[in-house]
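Summary of the model geometry
Now for the letters of each chain:
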Amino acid sequence: MKFKILVNLFFVVAVLLSCGDNNKGQLVGVEGKQWFPERPYGMVKVEGGSFTMGKSDYDIAGLKNAPIKTVTVTSFYMDETEITNSEYRQFVENVRDSVVRQKLAEEAELAGGGNNANANQGNGNGRSIQDFAFKSEGQNNKGGLGLFGGGNNNNNAQNQNDQTPYQQYSRHYDPLDRTLNWDVEIIWKPSEYPDENYVYVMDEFYLDKEDSYNGEKMLDVTKFEYSYKTVDLDKAARSDQNLSNYIVEKKVPVYPDTTVWIKDFNYSYNEPMHNNYFSHTAFDNYPVVGVSWVQSKAFADWRTQHLNKYNKEADKSKSPAFRLPSEAEWEYAARGGLESATFPWGGPYTKDDRACYLANFKPLRGDYAADEALYTVEADAFEPNEYGLYNMSGNVAEWVNTSYDPAAYEYMSSMNPNVNNKENNRKVIRGGSWKDVSYSLRVSTRDYEYADSARSYIGLRMVQDYLGNGLSLDHRRN
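What this report covers is the structure whose coordinates are included nearby.

Rules used throughout
Residues numbered from 1 in each chain as written. Predicted model: local features only at pLDDT ≥ 70, side-chain atom pairs only at ≥ 80, totals over all residues. Heavy atoms only, no water. Pairing = 2+ DSSP bridges. Helix = DSSP H or I, 4+ residues; strand = E, 2+ residues; numbered from the N terminus. Buried < 20%, exposed > 50% of the residue type's maximum accessible area, 1.4 Å probe, protein only. Polar contact = N/O pair within 3.5 Å; in protein donor to acceptor, adjacent residues only side chain to side chain. Salt bridge = Lys/Arg side-chain N within 4 Å of Asp/Glu carboxyl O. Core = buried A, V, L, I, M, F, W, Y, C linked by side-chain atoms within 4.5 Å. Contact = heavy atoms within 4.5 Å. Phe/Tyr/Trp six-rings, centres within 6.5 Å; stacked < 30°, edge-to-face > 60°. Lys NZ or Arg CZ within 6 Å of the ring centre and 35° of its normal.

**Examining the sheet that holds strand β9 (residues 426-430)**
The mixed open sheet is built from four strands, whose spatial order is β10-β9-β8-β11. In the strand order of this sheet, the two ends are held by β10 (447-450) and β11 (458-459), each with one partner.

Structure follows, in C-alpha cells:
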C-alpha cells in the first residue's frame, strides 16, 4: 500500500515537472504584478482628449505668444486644490527632522559608547545623545536614512501626521548609507536637552543670539536641504554615453521664502503675513507661496518617494511620479471640458447671476476687497470647474513644467506638447493670482517667472500620469 502511494506521488511530481508553465510551447507572455489604477488622495482624474489651446482670434495682443493650436493630451490625475501650507509643511518638517537626526547620529558615533552611555552627563532623565545613534543591522527598524524620515516632530514634539519613515539614499547626508533611529522623538526644548553633545548638535541649527529677537530661538532655515537625483532623459536618449553622465544630484533648500510678503511690495504693511502665513495654523488650508520652481520640483520628488515607500512595504506596484503639469495639461484641465472658454467657469464674465465674483483676484481699479478677500483665500474656496478643480484661476498663480518661449506654440508637438529647455530659466506660470486683474485669470493667458524666484502670489499643484489607455474610449478589446 505504501509502495503504491509512493508510486502515485512520484507520477504526480513527474507530471508537474514535465508540464512546466503548461503553455504548450506557445508565446503567452510573462505576467507582471497586477496593477489597479488608484486615484491618489486629494486628486481628480482628468480624462485626456484634444482641445484648442491658445488665444481666441479677437485677442490680437495675446495671439503674439499664444496662437491657436489643436493639441492632444493623455489622461492624468491632478490635485483638486493648490498645495496648501499644511501639505508643504509635511515636506519641510520631514526633511528638517531627517537632517537633525542625521547630525545627532553622527555626533553619537563620534562620542562613542552604547545607548545611554553618557546618561550620567545628562539632566537626570536617563537619556543621552546615544539614543539617536545609527541603528545596527538586525535591529527592529521603522526608520529611514539620509534626509527622508517619518514623524512630523514640531516644536512641541507632537507627531501630528503619523507618517511612516522611509529610506532613500543620499550621498549628501550619509555616504555610508546607514539607518537613522526614528523610534525616539527629537527633543526640541533646550531645558530638556539630555547632554552636552546634544546641545552641541542642536545649537548648529539655530541662529546666533544676536540674529534672533523677541526672546525666541529661531531655526536657521538654510541648514535644511532636500537632496535628490534626477536624470536628463531627453539628452540621454539621444546619446550613446553612459546614463551616469546625465544623472545629477541636486540640493534644494526646502523652507518657503516668507520675506516675499515684504519684498514684493514697497511702502506696504505686510508683516503679519511674513510672520504667520506659513507657520500659523490659521493658514493651514491656504495655498503655500514663496516656493520657487526649483523647490516645486524637489517637493514633487519627495512626494513620489513618500508614496512609493508605502507601495513597496504593501507589496504594491510602483506608482508613477508626481510632477508639475505641462503648460498644455494645465490649460486643458483649467478649461474643464469647455471649448473656447475664457475662464474655467465659461465666461466671459467674472461674476455670476447674483453679482458675486467667481474667483479671487483684483477687480475693478484695484479694489482688492471687492471679492471679499484681501490676500489669498482657502485652497477650496469658490466653486470648482467641471473637472472638480478649485481655483484654476485666481488665488495664486501656478508653476508649470514648461519654459517660457513666445514662439513655443509654433514648433511644439501637437501630442502631449511640452517645451522645457533647461537652459531657459524663465518658467511659465498660469492662472493669475489674488493681486492680478481679470485678464491674467483667462485660461489662455501666459506669464512667466524665473525658476529660482519665489513670490507671494505663486504656488503650485501636482499631476500624476494615468497608466493604461491614455483616453477613455467606449470601444475596448474584449
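**Observations concerning the side chain of S403**
Mapped onto the secondary structure, S403 falls in strand β8 (residues 397-403). On the basis of relative accessibility, which here comes to 1%, the residue S403 falls in the buried class. For S403, the side chain forms a polar contact with the side chain of N420, separated by 3.1 Å. In terms of polar contacts, S403 uses its side chain to reach the side chain of K427, at 2.9 Å.

**Details of the pattern of salt bridges**
Across all of its chains, the model carries 24 salt bridges by this definition. Across the pair R238 and D234 runs a salt bridge whose closest N-O atoms are separated by 2.7 Å. Of the residues examined, D234 reaches a relative accessible area of 47% and is grouped as partly exposed. The salt bridge partner of E327 is R446, with a shortest N-O separation of 2.7 Å. Of this pair, E327 sits in helix α8 (residues 327-335) while R446 sits in the loop between β9 and β10, placing them 119 residues apart in sequence. Its relative accessible area of 8% is what places R446 among the buried residues. Among the charged side chains, a salt-bridge network with shared partners connects E327, E331, R335, R430 and R446.

**Quick look at the nonpolar core**
Of all hydrophobic cores here, the largest spans 60 residues; its most connected members are Y88, Y198 and M462. Sorting the residues of this core by element identifies α2 (85-111), α3 (196-203), β5 (225-231), α5 (260-263), α7 (293-313) and β8 as the ones contributing at least two each. Among the elements that make up this core, the one with the highest residue count is α2 (eight residues). In terms of nonpolar packing, the next biggest core, distinct from the first, is built from 26 residues, A66, F76, M78 and V443 among them.

**A word on the pairing of strand β3 (residues 69-73)**
Of the two faces of β3, the one lined by K69, V71 and V73 is fully buried and the one lined by T70 and T72 carries no buried residue. By the bridge criterion, five bridges tie strand β2 (residues 49-53) to β3 in an arrangement that is antiparallel. Within β3, the position partnered with G49 by the bridge is V73.

**Some details on the environment of Y466**
One can find Y466 in the segment after β12 (463-465). Taking C-alpha positions, Y466 is 9.1 Å from E38, a pair spaced 428 residues apart along the chain. Once residues within four sequence positions are removed from consideration, Y466 is found in contact with P37, K45, S75, F76 and Y77.

**As for the side chain of R303**
Along the chain, the position of R303 falls in helix α7. Aside from chain neighbours lying at most four places away, what touches R303 is Y41, M43, D79, I83, F322 and M462.

**Section: the packing of aromatic side chains**
Applying the stated criterion to the full structure yields 28 aromatic pairs. Each ring, one from F132 and one from Y198, has its centre 5.5 Å from the other, and the planes form 50°; the classification is tilted. On the criterion of sequence distance, the pair formed by F132 in the loop between α2 and α3 and Y198 in helix α3 is long-range, its members being 66 residues apart. Among the residues examined, F132 registers a relative accessible area of 2% and is labelled buried. Given a relative accessible area of 0%, Y198 falls into the buried group. Through pairs of rings, three or more aromatic residues link up here, namely W261, F265, Y277, F283, Y286, Y368, Y375 and W434. Looking at R89, its charged tip hangs above the ring of F278, at a distance of 6.0 Å from the centre. Here the guanidinium or amino end of K435 rests over the ring plane of Y457, the centre of that ring lying 4.3 Å away.

Scope: geometric values only; no functional claims are made or implied.
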